[in-house]
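# Structural characterization, general
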Amino acid sequence: MIHQPLHRFILGVILLLPLTFFLWYITASYHLAPITLITGKLLTILLPDALMWLRLDGHILVLASNFGHDIHGAIVSPPTGEDALGFHLNPLIYSYSVPLLTALILATPCQYKMQNLAWGLLLILPTEIFSMIFSVLKTLTFDVGTAFQIQQGISPIGVDFIALGYQIGTLLLPMIAPLIIWVGLNREFITKLAPQLEHTLNH
């Protein structure tokens, strides 16, 4: 009896994933907008004088730094002219947690499916902000380089921490966070499939 709901769930996820990924891709400029806005505000506070602005161009994140080259080719801040260093980043590489979580929740038999979906998308928001912040930090730390590190007083340990945060935000969180959130929102379904987990999930 356990295998039937499990098989239906797995089949549902497989069928829903192409649809949720398609919708996620074509609506990227909308669901990435609040992430970009919040990230830009936070980085303006965290990195005074380093960031001019952070904007979306479709699904591409455009970062304009407060750094540029002087007449000798060295990177300085603020830019000596109007040619500030800018970068194009791809936030889709870490925001795919959204369609993954959506497919998991929609495929789960539950009378509170839409409520769980709303909570899930809200709970995944901080992980996306974390990933975008460290993506920007990584770009400034390694692509702008020493000028940024000196301006912000970032030590070698700080550089390693930023690199680690970027790896976590890009490689780990997008895969792990949706699963943790899905389990937290669907404990009844999980314990139905694996009754031995009931004590663990309820404590």
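What you are looking at is a predicted structure, and each value in this text was computed from that prediction instead of being measured.

Cut-offs used in this document
Residue positions are counted from 1 within each chain, in the order its sequence is given. In keeping with the predicted nature of the model, local features appear solely for residues at pLDDT of at least 70, side-chain atom pairs appear and are counted solely at 80 or more, and the whole-chain, interface and lining totals rest on all residues. Computation of side-chain values: all heavy atoms of the structure, hydrogens and water removed. Helix and strand definitions follow DSSP, with helices as H or I runs of at least four residues and strands as E runs of at least two, each counted in order from the N terminus. For a helix, the expected span equals 1.5 Å multiplied by the number of residues minus one. In the cavity and pocket records, a cavity denotes points on a 1 Å grid over the protein atoms alone where a 1.4 Å probe fits but cannot get out, a pocket denotes an open set with protein on both sides within 12 Å along at least 5 of 7 lines, and lining residues are residues with an atom within 4 Å of a point. Grid points are joined across faces, edges and corners, and a volume is the space filled by probe spheres set on the points. Only protein chains enter the accessibility calculation, which uses a 1.4 Å probe; a residue is then buried when its area is under 20% of its type maximum, exposed when over 50%, and partly exposed in between. What the arc measures is the spread of directions leading from the helix axis to the C-beta atoms. In this description, contact between two residues means that some pair of their heavy atoms is separated by no more than 4.5 Å. Patch membership needs two things, relative accessible area over 30% and no salt bridge, and members are linked within 9 Å if like-charged or within 5 Å if nonpolar (Val, Leu, Ile, Met, Phe, Trp, Tyr). Areas reported as accessible are Shrake-Rupley estimates using a 1.4 Å probe. Residue values count occlusion only from the protein chains shown. A pair is scored as a salt bridge if a Lys or Arg side-chain nitrogen falls within 4 Å of a carboxyl oxygen belonging to Asp or Glu. A fitted line through C-alpha atoms serves as each axis, taken over the contacting stretch for helices, and the angle formed by two N-to-C directions is quoted from 0 to 180°. Any angle between 65 and 115 degrees counts as roughly perpendicular, while under 35 counts as roughly parallel, over 145 as roughly antiparallel, and the rest as oblique. Residue polarity follows a fixed list, in which Ala, Val, Leu, Ile, Met, Phe, Trp, Tyr, Cys and Pro are nonpolar, Asp, Glu, Lys and Arg are charged, and the others, Gly among them, are polar. To define a nonpolar core, start from buried Ala, Val, Leu, Ile, Met, Phe, Trp, Tyr and Cys residues and group those joined through side-chain atoms within 4.5 Å. Whenever two N or O atoms come within 3.5 Å, that pair is a polar contact, provided that in protein one can donate a hydrogen and the other can accept it, and provided that, for residues adjacent in sequence, both atoms are side-chain atoms. It is the rotation of the near helix from the far one that decides the hand of a crossing: anticlockwise by less than a right angle makes it left-handed, clockwise makes it right-handed.

Another point: helix 5 (residues 113–144). For helix 5, spanning 32 residues, the distance from its first C-alpha to its last is 45 Å, which sits close to the expected 46 Å at 1.5 Å a residue. Directly after helix 5, the chain includes Gly 145, whose backbone phi takes a positive value near 90 degrees.

You will see that Asp 49, though not glycine, has its phi angle at about 75 degrees, which is positive. Looking at where Asp 49 falls in the secondary structure, it is placed in the loop between helix 3 (33–46) and strand 1 (51–57).

In this model, the largest pocket occupies a volume close to 280 Å³. For the largest pocket, the full set of lining residues is Thr 108, Pro 109, Cys 110, Gln 111, Tyr 112, Gly 184, Leu 185, Asn 186, Arg 187, Glu 188, Phe 189 and Lys 192. Mapped onto the lining of the largest pocket, the elements with two or more residues apiece are helix 7 (156–185) and helix 8 (187–193). It is helix 8 that provides the largest number of residues to the lining of the largest pocket, a total of four residues.

Between the first and last C-alpha of helix 3 there are 20 Å, a value that for 14 residues agrees with the 20 Å anticipated at 1.5 Å per step. Among all positions of helix 3, only Ile 35, Thr 36, Thr 39, Gly 40 and Leu 43 are buried. All buried residues of helix 3 fall inside an arc of 125 degrees around its axis, so they share one side. Helix 3 presents Leu 37, Lys 41, Thr 44 and Ile 45 as exposed residues on the side facing more than 90 degrees away from its buried surface. Contact partners of the buried residues in helix 3: helix 2 (28–31), strand 1, strand 2 (60–69) and helix 5.

The next subject is a nonpolar patch on the surface. Nonpolar side chains collect at one region of the surface, where Leu 19, Phe 22, Leu 23, Tyr 25 and Ile 26 lie side by side and expose about 510 Å² of accessible area between them. Following the sequence through the fold, Tyr 25 ends up in helix 1 (residues 3–26).

A separate point is the packing of helix 5 against helix 7. Packing of helix 5 against helix 7 leaves a shortest axis separation of 8 Å and a crossing angle of 170 degrees. Taken together, helix 5 and helix 7 sit at an angle that is classed as roughly antiparallel. Of the residues assigned to the contact of helix 5 with helix 7, the class counts are 18 nonpolar, eight polar and one charged.

So, on to the nonpolar core. With 25 residues, the main nonpolar core has Leu 63, Val 136 and Phe 148 as its most contacted residues. When contributions to this core are tallied by element, the ones reaching two or more residues are helix 3, strand 1, strand 2, strand 4 (84–89), helix 5 and helix 7. Examining the composition of this core, we find that eight residues originate from one element, helix 5, more than from any other. The residues contacting Phe 148, other than those within four sequence positions of it, are Leu 47, Ala 50, Phe 67, Leu 137, Leu 140, Thr 141 and Ile 154.

The residue Asn 186 is located in the loop between helix 7 and helix 8 in this model. Polar contacts involving the side chain of Asn 186 include one to the main-chain carbonyl oxygen of Trp 182, which spans 3.0 Å. Non-local contacts of Asn 186, meaning those with residues more than four positions away in its chain, are made with Thr 108, Cys 110 and Asn 116.

Attention shifts here to the packing of helix 3 against helix 5. It is the contact of helix 3 with helix 5, at a shortest axis distance of 9 Å, that shows an interaxial angle of 55 degrees. For the element pair helix 3 / helix 5, the angle class is oblique. As for how helix 3 packs across helix 5, the hand of that crossing is right-handed. Of helix 5, the residues touching helix 3 (which contributes Ile 35, Thr 36, Ile 38, Thr 39, Leu 42 and Leu 43) are Leu 125, Glu 128, Ile 129, Met 132, Ile 133 and Val 136. Tallied by class, the residues present in the contact of helix 3 with helix 5 amount to nine nonpolar, two polar and one charged.

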